[in-house]
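# Commentary on secondary and tertiary structure
The residues making up each chain are set out below.
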Amino acid sequence: MNRSALTADREVLVFLNRKQQVQYASPEFFRQFGGSAEELCGQPFRNLVAPDLREGLEGHLKQLLLGVRDKYSHRTALLRRSAAPLIATLTATALKGSSPNRALAIQLARPADGSAPHAASLGPSLSEMSAKVLEGTAAGLTSEFLAARLFVSRQTVDYHIARMLRQFGMPNRAALIALAYSTGMLKTGTWPPRVADGFVK
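Anyway, here's the lowdown on the structure attached to this text. (Residues numbered from 1 in each chain as written. Predicted model: local features only at pLDDT ≥ 70, side-chain atom pairs only at ≥ 80, totals over all residues. Heavy atoms only, no water.)

Here 5 bridges tie strand β1 (residues 12-16) to strand β5 (residues 104-109), and the two strands are oriented antiparallel to one another. Looking at the pairing, V14 lines up with I106 of β5. Of the pairings in the sheet, the one linking strand β4 (residues 86-94) to β5 comprises 6 bridges and is antiparallel in character. By the bridge assignment, A94 is partnered in β5 with L104. (Pairing = 2+ DSSP bridges. Helix = DSSP H or I, 4+ residues; strand = E, 2+ residues; numbered from the N terminus.)

Right, here's the structure in full:
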């Protein structure tokens, strides 16, 4: 990571201590996540990560802190206060010989333009059942609970989730939900989550 990358005004960069808490960050980091340094510094970084991805990311960051590896990079989804989740490539680097307050550097890079589907290209792409499954999943419901609510089997719920993951090229549920919000498939500003008109066949 070169010096210009660390000091660029538009760089989404954050430093974590050994407890994986935010210690320092670039101005763009605070702009993206809608908080001041006083609000975000000292908070666990995991709170910004989509729930399904938190445990895995913490494990990889722990490996960096233990010296098992020097660098980790993966596409992830991060939660923002007043905007759709941010889908970005997260690159974490261990800072060797650093102080306890600067143990890890994390850089967030947006995917290149055109790498994710746009709303216009998705069209009416969901069956009625898939739409209900997506809404329930976005609300945080488990497959078992959602199956009971929809009067179907758990296997049916899992089938629709797996089908949507393949359809939109997403690696997991959190990324699927982030994509659905970022493309307008799920309405923003409503609870419980609702699929927008025009996306159901």
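With that settled, consider the sheet that holds strand β2 (residues 22-25). Read across the open sheet, the 5 strands follow the order β2-β1-β5-β4-β3; overall the sheet is antiparallel. Single-partner strands in this sheet number two, and they are β2 and β3 (71-78). The sheet shows a mean angle of 25° between the axes of neighbouring strands, direction not considered. Two elements, β3 and β4, share 8 bridges in a ladder whose sense is antiparallel. The partner of L78 across the bridge, within β4, is L86. (Axes fitted to C-alpha atoms, helices over the stretch in contact; angles between N-to-C directions.)

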